[in-house]
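These are the residues of each chain, in order.
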Amino acid sequence: MLKEMKNNGVTPDRQFYNVMIDTFGKYNCLHHAMDTFERMKLEGIEPDTVTWNTLIDCHCKHGHHNKSEELFEAMQKSGCLPCTTTYNIMINSFGEQERWEDVKDLLGKMQSQGLLPTVVTYTTLVDIYGRSGRFTDAIECLEVMKSVGLKPSSTMYNALINAYAQRVCL
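None of the values given here were measured: they were computed from a predicted structure.

Novice: I would appreciate a short explanation of the overall build of the protein in the present structure.
Specialist: Looking only at helices and strands, the protein has ten helices and zero strands in total. Along the protein, helices and strands appear, N-terminal first, in the series α-α-α-α-α-α-α-α-α-α. For the protein, the C-alpha atoms occupy an extent of roughly 60 × 35 × 25 Å along the three principal directions. Across the protein, the fraction of contacts at a sequence separation of at least 24, relative to all contacts at a separation of at least 6, is 55%. Summed over all atoms, the accessible surface of the protein reaches about 9600 Å², with 53% contributed by carbon and sulfur.

Okay, here's the thing in structure tokens:
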């Protein structure tokens, strides 16, 4: 496809590469996603937060948590600052690994960079705590969220109900 584009005078841009990386990630072709990422950089196109988030997330979704963490660190070393979405992805990754201290540290780092937790952040926390049976922590997150003026979503309640049902009914 790249050859076809170039033959027609179309230069691939960051958005094109981001879509390619996302597509490869969705189909668990992570080596192709990484090759595309490297090619993008070789062509002088700087990865942005969308690029990094896509790479980190696709590795997380396929259980490659160590690689996700490496990419998260590489993102920061490259000078690209994580956004709330980046932190949400990593909070979910650490939660799936039950790395609770790292979850707390990430929340602290996120807030120290001036990024406030969003409804998605709290939903992610409720979900990871609920799935691991930490219902007290999940309910505490729900209460903190309400205390800062954010309204819980139905997605959050669904996550909590599903987690509780899986723990109690199994």
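Novice: Would you take a moment to explain the packing of helix H4 (residues 49-61) against helix H5 (residues 65-77) for this structure?
Specialist: Each pair of packed helices can be described by the angle between their axes along with the distance between the axes. Closest axis-to-axis distance for the H4/H5 pair is 7 Å, and the angle between their directions is 165°. In this view, H4 runs roughly antiparallel relative to H5, as classed from their interaxial angle. The interaxial crossing formed by H4 with H5 has left-handed handedness. Here Thr49, Trp52, Asn53, Leu55, Ile56, His59 and Cys60 of H4 lie close against H5, whose contacting residues are His65, Lys67, Ser68, Leu71, Phe72, Ala74 and Met75.

Novice: Would you explain unusual backbone geometry in this entry?
Specialist: Trans is the common state for peptide bonds, and a negative phi is the common state for residues other than glycine. Despite not being glycine, asparagine 28 has its phi angle at roughly 60°, a positive value. One can find asparagine 28 in the loop between helix H2 (14-26) and helix H3 (30-42).

Novice: How should I be thinking about the pattern of salt bridges in this particular structure?
Specialist: Two side chains bearing opposite charge may form a pair once their charged atoms approach each other closely. Counted according to the given criterion, the structure contains 13 salt bridges. Between arginine 14 and aspartate 48 there is a salt bridge whose closest N-O contact spans 4.0 Å. Within this pair, whereas arginine 14 is found in helix H2, its partner aspartate 48 is found in the loop between H3 and H4, the two being separated by 34 residues in sequence. One salt bridge in this structure joins arginine 99 and glutamate 69, with 2.9 Å as the shortest N-O distance. One end of the pair, arginine 99, is in the loop between helix H6 (84-96) and helix H7 (100-112); the other, glutamate 69, is in helix H5, and 30 residues separate them in sequence. By sharing partners, the salt bridges in this structure join Lys6, Arg39 and Glu43 into a single network.

Novice: Help me understand the packing of aromatic side chains in this model?
Specialist: Geometrically, a pair of aromatic rings is defined through the distance of the ring centres and the angle of the planes. Evaluation of the coordinates by the stated rule reveals four aromatic pairs. With a centroid separation of 5.0 Å and an interplanar angle of 70°, the aromatic rings of phenylalanine 37 and tryptophan 52 are classed as edge-to-face. Here the residue phenylalanine 37 occupies a position in helix H3, and tryptophan 52 occupies one in helix H4, the gap between them amounting to 15 residues. Of the two residues, phenylalanine 37 and tryptophan 52, neither departs from the other in class, the shared state being buried. Taking 5.8 Å as the distance between ring centres and 75° as the angle between the ring planes, the aromatic pair formed by phenylalanine 72 and tyrosine 87 counts as edge-to-face. Placement of phenylalanine 72 in helix H5 and of tyrosine 87 in helix H6 is noted, with a sequence separation of 15 residues between them.

Novice: Please explain the side chain of threonine 123 as it appears in this structure.
Specialist: With respect to the helices and strands, threonine 123 occurs in helix H8 (residues 119-131). Taking the relative accessible area as the measure of exposure, threonine 123 reaches 12% and is therefore buried. Excluding its chain neighbours within four sequence positions, the residues that come into contact with threonine 123 are Ser153, Thr155 and Met156.

Novice: It is not clear to me how the packing of H8 against helix H9 (residues 135-147) should be interpreted in this structure. Could you clarify?
Specialist: Direction vectors running N to C along H8 and H9 enclose 165°, while the axes themselves pass 7 Å from each other. Taken together, the axes of H8 and H9 are roughly antiparallel relative to one another. For the element pair H8 and H9, the recorded crossing hand is left-handed. Here Val119, Tyr122, Leu125, Val126, Tyr129 and Gly130 of H8 lie close against H9, whose contacting residues are Phe135, Asp137, Ala138, Cys141, Leu142, Val144 and Met145. For the contact of H8 with H9, the per-class residue count stands at eleven nonpolar, one polar and one charged.

What counts and what doesn't
Residues numbered from 1 in each chain as written. Predicted model: local features only at pLDDT ≥ 70, side-chain atom pairs only at ≥ 80, totals over all residues. Heavy atoms only, no water. Helix = DSSP H or I, 4+ residues; strand = E, 2+ residues; numbered from the N terminus. Contact = heavy atoms within 4.5 Å. Areas by Shrake-Rupley, 256 points an atom, 1.4 Å probe, with all protein chains shown as cover. Axes fitted to C-alpha atoms, helices over the stretch in contact; angles between N-to-C directions. Parallel < 35°, antiparallel > 145°, perpendicular 65-115°, else oblique. Left-handed = near helix turned anticlockwise from the far one by under 90°. Salt bridge = Lys/Arg side-chain N within 4 Å of Asp/Glu carboxyl O. Phe/Tyr/Trp six-rings, centres within 6.5 Å; stacked < 30°, edge-to-face > 60°. Buried < 20%, exposed > 50% of the residue type's maximum accessible area, 1.4 Å probe, protein only. Nonpolar A, V, L, I, M, F, W, Y, C, P; charged D, E, K, R; others polar.

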